[in-house]
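Spelled out from the first residue to the last, the chains are:
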Amino acid sequence: MNTLPAKYKGIFCIILSSLSFAVMNLFVRLSGDLPSFQKSFFRNLVALIFAYLIIKKYHAKISYKKENLLLLILRSTFGTIGILCNFYAVDHLVLADASMLNKLSPFFAILFSYLILKEKLKLYQILALISAFVGTLLVVKPTGANMNLIPAMAGLCGGMSAGLAYTLVRQLGLRGEKGPFIVLFFSGFSCLVLLPLMLLSFQPMTLKQLLMLLGAGLGAAGGQFGITAAYCYAPAKEISVYDYSQIPFSALLGFLFFAQIPDTLSILGYFIIIATAVAMFFHSK
């Protein structure tokens, strides 16, 4: 792995992350009717423990550059918002739909990379953002008769928040912050924010629900470390297309465990968004 170019390391990490996040969404859905605050807290608690153990294993210092503190807080804030919105969407939508809306994050990452990192935004990238928006409309189906409009909009908000969070991860990586510490800070920050909200809406859990949430936390830890490493290795425009491997993973898991089959408009939306991502990837090469 050490002999591979940074780009290929990023590709490997992002595919592994996609599989882990698909498994996370499955466990979140299997945990049943629990508040999103409660699910999010346990998800981040497991990731926090894993990040701490990895830092200790490699005898790394738990420290950061003072000039990066604001970026760390912003990354953690938008990451927490993204998780809450995604979990709400997972509980109320077809798994593949929820994953597709969350996977709009690479398009938002490109947009925010232009706004924050001043990376140049070319004409084909602007056209890709418009195409992705059209595909999103097919998945969300924003009509007054659509009973899933609110969770769909939550999923969209989750994708936007995640895109901004990953842009900030990229900037932190460029500024020398290590991936495990970025995950540790984010997980600790979100646990502190979510703890009082979870206690206010806490619902007793069965052993099965607790195990499902711990499984979601393990999936989240793998996904978080994978995505953080990926965007530290390479910029979004080079590897983000591989993030869409989560869609077939989620569609397969949704079919196997819940007999979910996305409707025709959603499938068309998937096709437009993924085809746009693939075309953008090859154009950038």
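Since the model is a prediction, treat every value here as computed from it, not as a measurement.

## With respect to the environment of Phe189
Thinking step 1. Tracing the sequence through the fold places Phe189 in helix H8 (residues 179-200).
Thinking step 2. Relative accessible area serves as the criterion here: at 23%, Phe189 is assigned to the partly exposed category.
Thinking step 3. Distance from Phe189 to Cys13, taken between C-alpha atoms, is 24 Å for residues 176 residues apart in sequence.
Thinking step 4. Discounting residues that sit within four places of it in the chain, Phe189 has contacts with Ile73, Ser76, Thr77 and Thr80.

## Observations concerning unusual backbone geometry
Thinking step 1. One non-glycine residue, Ala259, lies in positive phi territory at about 55°.
Thinking step 2. Note that Ala259 resides in the loop between helix H11 (246-258) and helix H12 (264-284).
Thinking step 3. For Ala259, a relative accessible area of 58% gives the class exposed.

## Thoughts on the packing of helix H3 (residues 69-92) against helix H7 (residues 149-174)
Thinking step 1. At their nearest, the axes of H3 and H7 sit 7 Å apart, and the two run at 150° to each other. The angle between H3 and H7 falls in the class roughly antiparallel. Crossing of H3 against H7: the hand is left-handed.

## Section: the packing of H3 against helix H4 (residues 95-102)
Thinking step 1. At a closest axis distance of 7 Å, the pairing of H3 and H4 adopts a crossing angle of 155°. Judged on the interaxial angle alone, H4 and H3 are roughly antiparallel. For the crossing formed where H3 meets H4, the hand is right-handed. Together, Asn86, Ala89 and Val90 of H3 and Leu95, Ala98 and Asn102 of H4 make up the contact between the two elements.
Thinking step 2. Its residues assigned to classes, the contact of H3 with H4 shows 4 nonpolar, 2 polar and no charged.

## Notes on helix H2 (residues 36-57)
Thinking step 1. Compared with an ideal rise of 1.5 Å per residue, which puts 22 residues at 32 Å, H2 spans 32 Å between its outermost C-alpha atoms and is within 8% of the ideal.
Thinking step 2. For H2, the secondary structure elements touched by its buried residues are helix H1 (6-30), H3, H8 and helix H9 (207-233).

## Topic: the environment of Ala275
Thinking step 1. Here Ala275 is to be found in helix H12.
Thinking step 2. Take Ala275: its relative accessible area is 33%, and that puts it in the partly exposed class.
Thinking step 3. Each C-alpha atom of the pair Ala275 and Ala128 lies 9.7 Å from the other, and the pair is 147 residues apart in sequence.

## Here's the deal with the packing of aromatic side chains
Thinking step 1. Counting across every chain of the model gives 2 aromatic pairs.
Thinking step 2. Each ring, one from Phe41 and one from Phe42, has its centre 5.8 Å from the other, and the planes form 90°; the classification is edge-to-face.
Thinking step 3. In this structure Phe41 comes out as buried when scored by relative accessible area, which is 11%.
Thinking step 4. Ring centres 6.2 Å apart and planes at 55° place the aromatic pair Phe181 and Phe185 in the tilted group. Of the two residues, Phe181 and Phe185 both sit in helix H8, 4 residues apart, roughly one turn of that helix.

## Overview of the side chain of Ser18
Thinking step 1. Mapped onto the secondary structure, Ser18 falls in helix H1.
Thinking step 2. Accessibility expressed as a relative area gives 0% for Ser18, which makes it buried.
Thinking step 3. Setting aside its immediate chain neighbours within four residues, Ser18 contacts Tyr242, Asp243, Ser245, Gln246 and Phe249.

## Things to note about the confidence of the model for the chain
Thinking step 1. Chain-level pLDDT for the chain is 83 on average; 93% of the residues reach the 70-or-more range.
Thinking step 2. Mean pLDDT across the elements of the chain bottoms out in helix H10 (residues 236-239) (71) and peaks in H3 (90).

## Describing the pattern of salt bridges
Side-chain pairs of opposite charge can arise whenever the charged atoms involved come near each other.
Thinking step 1. All chains considered together, the criterion is met by 1 salt bridge.
Thinking step 2. A salt bridge links Lys39 to Asp91; the shortest N-O distance between them is 2.7 Å. Of this pair, Lys39 sits in helix H2 while Asp91 sits in helix H3, and the two are 52 residues apart along the sequence.

So, how was this worked out
- Starting from 1, residues in each chain are numbered consecutively following that chain's sequence as written.
- Reporting in this predicted model follows two pLDDT cut-offs: at least 70 for local features of residues, and 80 or more for side-chain atom pairs to be given and counted; totals over whole chains, interfaces and linings ignore these cut-offs and use all residues.
- By convention in this description, side-chain values take in all heavy atoms of the structure and omit both hydrogens and water.
- Numbering goes from the N terminus for both helices and strands, where a helix is a DSSP run of H or I of at least four residues and a strand is a run of E of at least two.
- Residue exposure (1.4 Å probe, protein chains only): buried if accessible area is under 20% of the type maximum, exposed if over 50%, otherwise partly exposed.
- Any two residues whose heavy atoms approach within 4.5 Å are treated as being in contact.
- Note on definitions: angles span 0 to 180 degrees between N-to-C directions of axes, and those axes are lines fitted to C-alpha atoms, for helices only across the stretch in contact.
- Reported orientations rely on four angle classes, namely roughly parallel under 35 degrees, roughly antiparallel over 145, roughly perpendicular from 65 to 115, and oblique for the rest.
- For any pair of crossing helices, the crossing counts as left-handed if the nearer helix is rotated counterclockwise from the farther one by less than a right angle, and right-handed if it is rotated clockwise.
- In this classification, the charged set is Asp, Glu, Lys and Arg, the nonpolar set is Ala, Val, Leu, Ile, Met, Phe, Trp, Tyr, Cys and Pro, and all remaining amino acids, among them Gly, are polar.
- The span expected for a helix works out to 1.5 Å for each residue beyond the first.
- Pairing of aromatic rings covers Phe, Tyr and the six-membered ring of Trp, with a centre-to-centre limit of 6.5 Å; geometry is then stacked below 30 degrees between planes, edge-to-face above 60, and tilted otherwise.
- Per residue, pLDDT captures the predictor's confidence, and it can take any value from 0 to 100.
- When a carboxyl oxygen of Asp or Glu is within 4 Å of a side-chain nitrogen of Lys or Arg, the pair counts as a salt bridge.

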